[in-house]
2 protein chains.
Amino acid sequence: MINPNYYCVIMAGGIGARFWPMSNSTTPKQFIDILGEGQTLIQKTFNRFTKICPKENIYIVTSKAYKEITHKQLPDISEDQIILEPYRRNTAPCIAYANYKIKTKNPNAAVVVAPSDHVILKEDIFTNVIEEGLKAVSENPWLMTIGIRPSSPNTGYGYIQYNEDKSYEKNRSIYDVKTFTEKPELEMAKSFLESGDFLWNAGIFMWSMKEIQKAFETFLPDVDALFKQGEGLYNTDSEPEFIDKIYQVCRNISVDYGIMEKAQNVHVYAANFGWSDLGTWGSLYEIRKKDTNQNVVSGNRVKVYDSNKCIINMPKNKIVVVQGLEDYIVVENDDMLLICKKSDEQQIRQYVAEVQVDFGNKFI
Amino acid sequence: MINPNYYCVIMAGGIGARFWPMSNSTTPKQFIDILGEGQTLIQKTFNRFTKICPKENIYIVTSKAYKEITHKQLPDISEDQIILEPYRRNTAPCIAYANYKIKTKNPNAAVVVAPSDHVILKEDIFTNVIEEGLKAVSENPWLMTIGIRPSSPNTGYGYIQYNEDKSYEKNRSIYDVKTFTEKPELEMAKSFLESGDFLWNAGIFMWSMKEIQKAFETFLPDVDALFKQGEGLYNTDSEPEFIDKIYQVCRNISVDYGIMEKAQNVHVYAANFGWSDLGTWGSLYEIRKKDTNQNVVSGNRVKVYDSNKCIINMPKNKIVVVQGLEDYIVVENDDMLLICKKSDEQQIRQYVAEVQVDFGNKFI
């Protein structure tokens, strides 16, 4: 029995610069079948939540540029379930906007907010965690986030320290949060991993409409005030014009920094459901099946010699010979080619920026 | 004053497999502007010989498949100057065929035979060497080859040992040949280089029609007999049908192995005119201008980071980011991509063969 008060907001406005050239401004990562499984990441994300919320309660927040591709990839949802941001303003304004639209329809909503471009390998566990979490935030005045038990000292994630002694009596995987930390240096990340009471911040949130509204009023009153002006306009023809106006002046701030790191009622659900934020080519490499030389190769006409630990992603019928590479990313898409050491993949964002400056801004 | 008895035969039937994917069966290396100078290799070769022979005495021997591209790239020559081989049979039959056509017109010809796809950086010296050589073979009963003073123990070339004490009194750069040797192992090549009396075999030959005819009759009588049957048919409408018939049964043999290694009247012209056979990507790398990181980069939109000693050859407007490569070949052409260590470039021919087997034979 699906709870009619359960809502889902899928954030799909990112551009996935670190996945260039597969991901680019025309078709960002969430709209790509990057796992080669026949569904794009946003399609997989949407399908996951249809097991938890009524289909008509699932909202996609994305930018105007991706309206058509969203419709095309998710033909089951209605026009008003696609929330279009006129500018990119990070997660807090995105969530505030979705909140105002949802609470106009259902002030008793319990909402899960999730990125559109993550990978969840164990879907059944995920479904269970979200259902339990929504139940908990429906019954308790909490803001909840999901924390992933870390398997390595990854410096690409934020970390959440939880209070082991304070778990929820009805669900011992839910804990009080001590602190949020930004992406750490490697030494710090190693000590986090050893300590055992740090989790990766997966960027998946749950709360009741009432609690998140209270949090915005307390910690981001300026942002909330902007969206409050629109009461009566949400879900009407006047909404887009109003939104366009306030987004121009709204500040760019994340919900982590703006609310979660400051609120006192934050809880974390420690979970393990085969999660990856698929932030980089290396993280895709980690979850993909390897061949006998530990290579991950996409493309029907790719020949690989004397190479190992590479991720090679080529157009289906392109003839490619790769020889003598170890631990490299080799990717072509849309007639753009990237060859980069996996260990230097954090530079890709910078390379893309330079490509943009030097060769015109149509790429990212 | 250009000597009307001087003739040139340019051999242009190769497919340049080691230059894949720039070179392929549709457009082999000789038809490519591989130096990026505005002329293809065959155009440069043709232009070089126009300073030595009357334009109408320059013949191109190539395969039927390249008739059109030869006409297109060399619009100055007439149809009968393009000699079409129905099958690839190595250099001896190619030369025999050209000989019979030329001697029908001029039995007093002195002929220079040269590949179409080599690089000559010092054209004035080259012109002088060929003129001196043609003069010498007009006056002496010799078969002559050109030997390049080696600059490295290259294992990709055949070597010619010359007799230092027996040089031609009218030109001290022309010597008696002691031995021809096939491509040596590295240790052998090193000792050749140290000894000082070995030269690289450039595959450029000069002889009078009379001497080369005598040599064919002596060392390759079966090949000569086949072509002799066609006397009276050369330069007539019956020629192609006759040639098609004899090429089917003619054996595949090089002029080096079939004649030069066996004849006693072989002389070598020791020369230095900035020669390269451009046999591999590495040899192209050697002669091209390098940037500050010792890279040779073609393409307008290629960004190279943390890389050196690479040769990167990309389509003009393709967006490419290359990071973290040292001493690699990175080439794309015709939607085919090769990434290979320069030190393993001798494998490219094998890779191409495997590509051909696995993905169909339209590539080479």
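Residues numbered from 1 in each chain as written. Chains lettered and ligands numbered in written order. Predicted model: local features only at pLDDT ≥ 70, side-chain atom pairs only at ≥ 80, totals over all residues. Heavy atoms only, no water.

### Re the overall build of chain A
Broken down by element type, chain A carries 11 helices and 17 strands. A compact globule built from 364 residues should have a C-alpha radius of gyration of about 21 Å, and chain A, at 21 Å, falls within 12% of that. Structurally, chain A occupies a C-alpha span of about 60 × 50 × 40 Å along its principal axes. The proportion of buried residues among the 364 residues of chain A is 58%. Of the contacts formed within chain A by residues at least 6 apart in sequence, a portion of 67% connects residues at least 24 apart. Just so you have it, chain A exposes about 15,400 Å², and 45% of that area is on carbon and sulfur atoms. (Helix = DSSP H or I, 4+ residues; strand = E, 2+ residues; numbered from the N terminus. Rg over C-alpha atoms; globule rule 2.2 N^0.38 Å. Buried < 20%, exposed > 50% of the residue type's maximum accessible area, 1.4 Å probe, protein only. Contact = heavy atoms within 4.5 Å. Areas by Shrake-Rupley, 256 points an atom, 1.4 Å probe, with all protein chains shown as cover.)

### Some points on the packing of aromatic side chains
Within a pair of aromatic rings, the relevant descriptors are the distance that separates the centres and the angle that separates the planes. Scanning all chains against the criterion turns up 42 aromatic pairs over all chains. An aromatic cluster of at least three residues, connected via ring pairs, comprises Y97, Y100, F227, Y234, F242 and Y247 of chain A. The side chain of K290 of chain A reaches across the aromatic face of Y285 of chain A, ending 4.7 Å from its centre. Between K342 of chain B and the ring centre of Y285 of chain B, over which it is positioned, the NZ or CZ distance is 3.4 Å. (Phe/Tyr/Trp six-rings, centres within 6.5 Å; stacked < 30°, edge-to-face > 60°. Lys NZ or Arg CZ within 6 Å of the ring centre and 35° of its normal.)

### Digging into the sheet that holds strand 12 (residues 296-298) of chain B
What the 6 strands build is an open sheet, ordered 13(A)-15(A)-17(B)-16(B)-14(B)-12(B); its pairing is mixed. Of all the strands in the sheet, just strand 13 (302-305) of chain A together with strand 12 of chain B have a single pairing partner and so form its edges. Going across the sheet, the axis of each strand differs from the next one's by a mean of 5°, ignoring polarity. Relative to strand 17 (residues 336-341) of chain B, strand 16 (residues 328-333) of chain B runs antiparallel, the two sharing 6 bridges. Bridge pairing in strand 17 of chain B places E332 of chain B opposite L337 of chain B. (Pairing = 2+ DSSP bridges. Axes fitted to C-alpha atoms, helices over the stretch in contact; angles between N-to-C directions.)

### With respect to unusual backbone geometry
Residue and element names in this part refer to chain A. The linkage connecting W20 with the following residue, P21, adopts the cis geometry, with an omega of 0°. Among the secondary structure elements, P21 is positioned in the loop between strand 1 (6-11) and helix 1 (41-49). We note that N235 has phi near 65°; this positive angle belongs to a residue other than glycine. Its location among the elements puts N235 in the loop between helix 7 (221-228) and helix 8 (239-249). N235 gets classed as partly exposed once you look at its relative accessible area, which sits at 31%. Positive phi values are uncommon outside glycine, yet D327 reaches one of about 70°. For D327, the location among the structural elements is in the loop between strand 15 (319-323) and strand 16 (328-333).

### Brief notes about the pairing of strand 1 (residues 6-11) of chain B
Along any regular strand, the residues point their side chains to alternate faces of the sheet. Residues and elements named next belong to chain B. The buried fraction of strand 1 is high, at 6 of 6 residues. Every second residue of strand 1 is oriented toward a common face, with Y6, C8 and I10 on one face and Y7, V9 and M11 on the other, all of them buried. Judged from the 6 bridges that link them, strand 1 and strand 4 (residues 110-115) form a sheet pairing that is parallel. Its bridge partner being in strand 4, M11 is matched across the sheet by P115. In terms of strand pairing, strand 1 meets strand 2 (residues 58-63) through 4 bridges, oriented parallel. Directly across from C8, in strand 2, lies its bridge partner I58. Between strand 1 and its parallel partner strand 2, the chain crosses via helix 1 (residues 41-49), and the hand of that crossover is right-handed. (Right-handed = clockwise from strand over helix to strand, strands pointing away.)

### With respect to the interface of chain A and chain B
When the parts come together, some accessible area is lost, and that loss is often what is quoted as the size of the interface. Facing 33 residues of chain A, the contacting portion of chain B comprises 33 residues. Between chain A and chain B, a total of about 2,900 Å² is buried, with carbon and sulfur atoms accounting for 60% of that surface. For the pair chain A and chain B, the number of links is 6 salt bridges. The partner of K318 of chain A in a salt bridge is D335 of chain B, with the nearest N and O atoms 2.9 Å apart. At the junction of chain A with chain B, the criterion picks out 22 residue pairs in polar contact (both at pLDDT 80 or more). Put simply, the parts of the chain that give the side of chain A that touches chain B at least two residues each are strand 13, strand 15, strand 16, strand 17 (336-341) and helix 11 (348-359) of chain A. Residue contributions to the side of chain A that touches chain B peak at 6 residues, all from strand 17 of chain A. Residues of the side of chain A that touches chain B, tallied by class, amount to 20 nonpolar, 3 polar and 10 charged. Of the strand pairs in this sheet, strand 17 of chain A and strand 15 (residues 319-323) of chain B are connected by 4 bridges, and their pairing is parallel. (Buried area = accessible area lost by both parts, 1.4 Å probe. Salt bridge = Lys/Arg side-chain N within 4 Å of Asp/Glu carboxyl O. Polar contact = N/O pair within 3.5 Å; in protein donor to acceptor, adjacent residues only side chain to side chain. Nonpolar A, V, L, I, M, F, W, Y, C, P; charged D, E, K, R; others polar.)

### Let's talk about the packing of helix 3 (residues 91-105) of chain B against helix 8 (residues 239-249) of chain B
Residue and element names in this part refer to chain B. One way to put it is that helix 3 packs onto helix 8 with a least axis distance of 13 Å and a crossing angle of 155°. Viewed along their axes, helix 3 and helix 8 adopt a mutual orientation that is roughly antiparallel. Considering only the axes of helix 3 and helix 8, their crossing is right-handed. Contact residues: helix 3 offers P93, C94, Y97 and K101, while helix 8 offers E239, I243 and Y247. Looking at the contact of helix 3 with helix 8 residue by residue, the classes come out as 5 nonpolar, no polar and 2 charged. (Parallel < 35°, antiparallel > 145°, perpendicular 65-115°, else oblique. Left-handed = near helix turned anticlockwise from the far one by under 90°.)

### Some words on the relation of the copies chain A and chain B
When chain A is brought onto chain B, the operation consists of a screw motion whose angular component is 180° and whose axial shift is 0.1 Å, with 0.1 Å RMSD remaining. Both copies of the chain, as the preceding transformation shows, are related through a two-fold rotation axis. Here 100% of the contact residues of chain A are again contact residues in chain B; the copies associate through an equivalent surface. (Least-squares fit on C-alpha atoms with pLDDT ≥ 70 in both.)

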